[in-house]
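Residue-level structure breakdown
Chain residues, written in single-letter form:
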Amino acid sequence: MLESGPSIFVDVLLVVLYLLLAAMLGLTVWSVVHSMRRRSKEVQPTRMVSVRTTAIVAGSLLAVVLVLTFVLASTQPLLINGNQYADTLWLRLSDMFIYTTLIMLVVAAVCVVWGSLHRRFPWK
């Protein structure tokens, strides 16, 4: 006899979501490798810094910030809707994404201010 209710296709839904996640990760890796190969020879004309070097430095700094914010994240249990939430992995991951987002927003704001000052008052 068939089950009734919303849990009939839960296994199918999970498999589809895992396939979509795998496809997304594969496409992301392919896209990064493809763009790095295409841009390996390009040079920014004003500073003579290669685009590949800039991308590698930016990606490495992002990875370092992600690792540091994960390591330094809090594992204090939270009380949510009267329930104790103490799963340390998810507490660390949520703190990691929150802190990384805040750091990236601050860095972006500093870069915008520096860029606007550099255009307004160019120095060499």
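Notes on the structure in this doc start here. (Residues numbered from 1 in each chain as written. Predicted model: local features only at pLDDT ≥ 70, side-chain atom pairs only at ≥ 80, totals over all residues. Heavy atoms only, no water.)

1. Notes on the overall build of the chain
Defined as follows: The secondary structure listing takes helices from DSSP runs of H or I that are at least 4 residues long and strands from runs of E that are at least 2 residues long, numbered from the N terminus. Whether two residues touch is decided by their heavy atoms; if any such pair falls within 4.5 Å, the residues are in contact. Each accessible area value is a Shrake-Rupley result obtained with a 1.4 Å probe; residue values ignore everything except the protein chains displayed when judging cover.
Each helix and strand counted, the chain has three helices and two strands in total. Ordering the α and β elements of the chain from the N terminus gives α-α-β-β-α. In the chain, the proportion of contacts linking residues at least 24 apart, taken out of those at least 6 apart, comes to 24%. For the chain, the accessible area works out to roughly 10900 Å², and carbon and sulfur atoms hold 71% of it.

2. Let's talk about unusual backbone geometry
Phi at Asn81 is positive, roughly 50°, even though this residue is not glycine. Counting through the fold element by element, Asn81 comes out in the loop between strand S1 (78-80) and strand S2 (83-85).

3. A word on the packing of aromatic side chains
To describe a pair of aromatic rings, you give the distance between the ring centres and the angle between the ring planes. The line we're drawing: Two rings from Phe, Tyr or Trp (for Trp, the six-membered ring) form a pair when their centres are within 6.5 Å of each other. A pair whose planes differ by under 30 degrees is stacked, one over 60 is edge-to-face, and the rest are tilted. Only when the NZ of Lys or the CZ of Arg is both within 6 Å of the ring centre and within 35 degrees of the ring normal is a charge said to sit over the ring.
With the rule as written, the count across this model stands at zero aromatic pairs. Above the plane of the ring of Phe70 lies Arg92, whose end atom (NZ or CZ) is 5.8 Å from the centre.

4. Some thoughts on a nonpolar patch on the surface
Applied cut-off: To count toward a patch, a residue needs a relative accessible area over 30% and no salt bridge; like charges are then connected within 9 Å, while nonpolar side chains (Val, Leu, Ile, Met, Phe, Trp, Tyr) are connected within 5 Å. We define a salt bridge as a contact between a side-chain nitrogen of Lys or Arg and a carboxyl oxygen of Asp or Glu at a distance within 4 Å.
A grouping of Phe9, Val10, Val12, Leu13, Leu14, Val16, Leu17, Tyr18, Leu20, Leu21, Met24 and Leu25 is seen on the molecular surface, where their side chains present a nonpolar patch of about 1200 Å² in accessible area. The residue Leu17 is located in helix H1 (residues 10-38) in this model.

Coordinates in, geometry out; function isn't part of it.
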